[in-house]
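# Structural features, examined
Each chain, letter by letter, is given below.
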Amino acid sequence: MAREAIEIAPSPISEESPVEQKAMSPTRLALRRLLKKKIAMIAIVFIIMFYVVGASAPLLSWVGVIPSYNDQNLDNTLQGPSWEHPFGTDFLGRDQLSRVVWASQTTVIITVASLITGGLILAVSLGLLSGYVGGWVDSAIMRVGDIFASLPSLLILILINATMKDQVRGLAADLESFTGIGGIVKSGAPDYFLIAITLSLFGWVGGARIIRSQILSLRETEFILAARAVGAPTSRILFRHLLPNVANIIIVSLSLGLAGIAGSEIVLTWFGIGIQPPHPSFGAMIFEASGVRTLNVHPHLLAFPAAVVVGLFFSFNLLGDALTDVFTPRAR
Amino acid sequence: MDSGTTSYLVRRLMWVPVILFVVSFVTFALGRLGPGDPVRVAAGQFRDDEAFERIRAARGLDKPVYEQYYIYMEGVLTRMDLGESFRYQDYDVSEIIFPAIWRSAQYNAVVLVLTLSMGIPLGVFAARRQGTWADPASISFFLFLQSIYSLISVPFLLLFLALKLGWLPASGWPRDCNVTLDFLPQGYECIGVLSAEAVIPIIALSLPAVAIWGRYTRAFTLEVMREDYVRTARAKGIPESKVMTRHVLRNALLPLSTMIIFSLVGLLEGSFFVETLTGIPGIGRLAFEAIGGRDYDMIMAIVMLGAVTFVLASIVVDIVYTMIDPRIRYGARSN
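### Remarks on the overall build of chain B
Helix and strand content of chain B: 13 helices and 0 strands. When its helices and strands are written in sequence order, chain B yields α-α-α-α-α-α-α-α-α-α-α-α-α. Referenced to the eigenvectors of the C-alpha coordinate spread, the extents of chain B come out at roughly 85 × 65 × 40 Å. Within chain B, the fraction of its 335 residues that count as buried is 47%. Expressed as a percentage of contacts within chain B between residues at least 6 apart in sequence, the contacts between residues at least 24 apart total 72%. Here chain B carries 30 positive and 30 negative side-chain charges, and the mean point of each set is 13 Å from the other.

### As for the overall build of chain A
Along its length, chain A carries 14 helices and 0 strands. Secondary structure elements of chain A occur, N-terminal to C-terminal, as α-α-α-α-α-α-α-α-α-α-α-α-α-α. Its C-alpha atoms put chain A at 80 × 50 × 35 Å along the principal axes. A buried classification covers 47% of the 332 residues belonging to chain A. Put simply, 72% of the contacts in chain A that link residues at least 6 apart link residues at least 24 apart. Counting every atom, chain A has about 16,300 Å² of accessible surface; 67% of that belongs to carbon and sulfur.

### Topic: a nonpolar patch on the surface
Nonpolar side chains collect at one region of the surface, where Leu59(A), Trp62(A), Val63(A) and Val65(A) lie side by side and expose about 500 Å² of accessible area between them. When you line up the elements, Val65(A) lands in the loop between helix H5 (57-63) and helix H6 (96-133).

### What about helix H12 (residues 282-289) of chain A?
The buried fraction of H12(A) is high, at 6 of 8 residues. Along H12(A), the residues that are buried comprise Phe282(A), Gly283(A), Ala284(A), Met285(A), Ile286(A) and Ala289(A). Where H12(A) is buried, its residues touch helix H4 (38-55), H6, helix H11 (234-271), helix H13 (292-297) and helix H14 (300-327) of chain A together with helix H7 (150-164) of chain B. N-cap assignment for H12(A): the residue whose side-chain oxygen lies 3.0 Å from the backbone N of Gly283(A) is Ser281(A).

### Notes on the side chain of Ser150(B)
Tracing the backbone through its elements, the reader meets Ser150(B) in helix H7. Apart from the residues lying within four places of it in its own chain, the contact partners of Ser150(B) are Pro155(B), Phe273(B), Val274(B) and Leu277(B).

### Describing the side chain of Ser255(A)
Within the element layout of this structure, Ser255(A) appears in helix H11. Of note is the side chain of Ser255(A), whose polar atom sits 2.8 Å from the backbone oxygen of Val252(A).

### Some details on the nonpolar core
The biggest cluster of nonpolar side chains holds 111 residues, and the ones touching the most others in it are Leu242(A), Phe271(A), Phe282(A), Ile286(A), Phe316(A), Leu286(B) and Ile302(B). By residue number, the principal contributor to this core is H11(A), which donates 17 residues. Looking at which domains feed residues into this core, each of domain 1 (3-79) and domain 2 (97-292) of chain B gives three or more. Setting aside anything within four residues of it in sequence, one finds Phe282(A) in contact with Phe50(A), Val100(A), Ala103(A), Ser104(A), Thr107(A), Ile266(A), Pro305(A), Val308(A) and Val309(A). Listed in part, the 19 residues of the second largest apolar core include Leu157(B), Leu158(B), Val193(B) and Ile280(B).

### Looking at the interface of chain A and chain B
At the junction of the two partners, chain A supplies 47 residues and chain B supplies 46 residues. Between chain A and chain B, the buried area comes to about 4,200 Å², and carbon and sulfur atoms account for 77% of it. On the chain A side of the contact with chain B, Leu155(A), Leu159(A) and Trp270(A) bury the most area, a combined 14% of that side's loss. Of the charged contacts, one joins Asp321(A) and Arg215(B) as a salt bridge, the two residues approaching to 3.6 Å between their closest N and O atoms. Run the count over chain A and chain B and you get 2 residue pairs in polar contact (both at pLDDT 80 or more).

### Structural notes on the packing of aromatic side chains
Evaluated as defined, the whole model comprises 20 aromatic pairs over all chains. Seen from their ring centres, Phe314(A) and Phe144(B) are 5.1 Å apart, and the 70° between their planes marks the pair as edge-to-face. Pair noted here: Phe314(A) is in helix H14 and Phe144(B) is in helix H6 (residues 134-147), and the two residues belong to different chains. Accessibility expressed as a relative area gives 33% for Phe144(B), which makes it partly exposed. Aromatic rings pair up to connect Trp270(A), Phe271(A), Phe287(A), Phe272(B), Phe273(B) and Phe288(B) into one cluster.

### Observations regarding the domain arrangement of chain B
You can read the domains of chain B as domain 1 (3-79) and domain 2 (97-292). Centre-to-centre, using C-alpha coordinates, domain 1 of chain B lies 34 Å away from domain 2 of chain B.

### Some points on the environment of Val199(B)
Here Val199(B) lies in helix H8 (residues 199-225). Measuring from C-alpha to C-alpha, the distance between Val199(B) and Val224(B) comes to 36 Å, with 25 residues separating the pair along the chain.

### Let's talk about the environment of Pro64(B)
Residues and elements named next belong to chain B. Structurally, Pro-64 can be placed in the loop between helix H3 (49-58) and helix H4 (65-79). When its relative accessible area of 36% is taken as the criterion, Pro-64 is described as partly exposed. Each C-alpha atom of the pair Pro-64 and Gly-119 lies 51 Å from the other, and the pair is 55 residues apart in sequence.

### Describing the environment of Ala196(B)
Residues and elements named next belong to chain B. For Ala-196, the position within the fold is in the loop between H7 and H8. In this structure Ala-196 comes out as partly exposed when scored by relative accessible area, which is 38%. Between the C-alpha atoms of Ala-196 and Trp-167, which are 29 residues apart in sequence, the distance is 9.0 Å. Residues within four places of Ala-196 in sequence aside, it is in contact with Leu-168 and Pro-169.

### Considering the pattern of salt bridges
A complete count under the given rule lists 13 salt bridges over all chains for this structure. The partner of Asp138(A) in a salt bridge is Arg212(A), and the shortest N-O contact between them spans 2.6 Å. Placement of the pair is Asp138(A) in helix H7 (residues 135-150) and Arg212(A) in helix H9 (residues 189-218), with a sequence separation of 74 residues. Arg212(A) sits in the buried class, given a relative accessible area of 16%. In this structure, Glu289(B) engages Arg285(B) in a salt bridge whose closest nitrogen and oxygen atoms are separated by 3.5 Å. Taken as a pair, Glu289(B) and Arg285(B) lie in helix H12 (residues 283-292) at a separation of 4 residues, close to a single helical turn. Given the relative accessible area of 25%, Arg285(B) is considered partly exposed. Sharing partners across several salt bridges, the network here consists of Arg143(A), Asp146(A) and Arg209(A).

Criteria and thresholds
Residues numbered from 1 in each chain as written. Chains lettered and ligands numbered in written order. Predicted model: local features only at pLDDT ≥ 70, side-chain atom pairs only at ≥ 80, totals over all residues. Heavy atoms only, no water. Helix = DSSP H or I, 4+ residues; strand = E, 2+ residues; numbered from the N terminus. Buried < 20%, exposed > 50% of the residue type's maximum accessible area, 1.4 Å probe, protein only. Contact = heavy atoms within 4.5 Å. Lys, Arg positive; Asp, Glu negative; His and termini not counted. Charge placed at Lys NZ, Arg CZ, Asp CG, Glu CD. Areas by Shrake-Rupley, 256 points an atom, 1.4 Å probe, with all protein chains shown as cover. Patch = residues over 30% accessible without salt bridge, like charges linked within 9 Å, V, L, I, M, F, W, Y side chains within 5 Å. Salt bridge = Lys/Arg side-chain N within 4 Å of Asp/Glu carboxyl O. Polar contact = N/O pair within 3.5 Å; in protein donor to acceptor, adjacent residues only side chain to side chain. Core = buried A, V, L, I, M, F, W, Y, C linked by side-chain atoms within 4.5 Å. Domains from an automatic or database assignment. Buried area = accessible area lost by both parts, 1.4 Å probe. Phe/Tyr/Trp six-rings, centres within 6.5 Å; stacked < 30°, edge-to-face > 60°.

As structure tokens, then:
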């Protein structure tokens, strides 16, 4: 604690003193603080492993490390953990470990897609626009945000996914016949698309509000005035001067939203309106395994996916907490 | 309240009808656009086209969506008529929805009291131990509790407490009500939360909530402990217990109180998963069933109740906030 305080505060004495104080950018300082947090580092390692394994699921199964997510073996159903199937097999004789890896891929796709569309593109552009332009643009964006924020989001997410699924599938089928590319509907892409889009639709409001409030105070500062005085175009002011100054907040709000996004996909699929079988998802695995009688006889069906999901959410929460600490020095 | 705050609140209140209009229309249209046909559910055994047409006309479903919306909203606003359920034949939505809210509210009230009384001391404890191993350990513990979705915790609770040990029943709502309050109107008299059945759902609902209160309390307490007047109080030689209760806690609980107001609104909301998994006939399970069964008016009523209470609650929180903390001024813009 005390050592950090010395590093951060550039006291007037240190300038004359012979002790050389190395200059460090705020980002490097934050990174150093993050590296000192052991629990957070464990969480980050877990998240990175999860994303690497999840993203390389097709590769792993192509190489032959794990079977594909729908390789059934009806002679070998509902087996407990063994050397051959470390997580056991499910009621269709599919290897649970490979189902978990493929379900991780689903989580990876959904979180990355809605983070980029909703968390980054929508939230950042609308927040910047709202804060910097102001006036009726600001009012319009913020009122639309109010509407989204006042909806009971889980209920509406379920409603949209339940009602729009057939429309989106129909659009995908049209796209298939128009472009001649087959297998779009069969690949399950419309399901992923719909979930990611609806999640980003609800995911931008919080981030945009925070960014806007920061921009509101930043745009009154001298360095923005100076940039404007030397004739910098608006785009340069926005992206070179304002954006780097809110990058911290963007990172924190993105990390805090991760668990919610991953959780929403699991919940939607649990309801039966998210990712459709045979495409794997933690939501479907948890749903199939959570009957009390099933759980009593075949606890491995729920225990392994549940452990991975809880581990992932725990890591997301630890990461979000650590980043909040690191980037908002006042709260330390 | 100063004039800036007043005009800010007036502006917000003026937006309420607009927000509610958009929310209601979108929800209404979404329900109507979806696949599945409630007419077939309502028709029951009379499965011919003539019967379908008759029901469709009787419910006004043959008209365009905006006209249906107009008819529906007219009923809501002039007669307080929330419509008729498709799934529960011959029942009005309000006859079903309000008893369900009452049942959910019983659980939520117990959970709120329980989690506040555990979360606040835990949060203060964590804040007092800042800089020692106990602080990160307790935060990690809170975050861990928050990471266990009820989708996962309820099956395991049922497995161990109900099936393996046999201590508790597996259903979340008593079949025969032990505790009734006869002065309450019919449909509301059962206090189902006072039963052995309620224990598992209450545990499942409480675990993440304790963690949330604990984290908030810790953050607010730390904020106040850094204030100069706390240092002054300590310097004057006031005993630590008195500094904590008089100077720190009082001010730390101020922001917490607005969150409690928000969760009072949350009393009216049910939990989808806990209620569905344990079979509590509350509002969460009702919503679950309504979406599954395309029960248009029921979905509409649940979403709108949620939106109305949320919008009004956030305004009430703003007002209460300015009353308990006079330093806060809304609408004051520099420049």
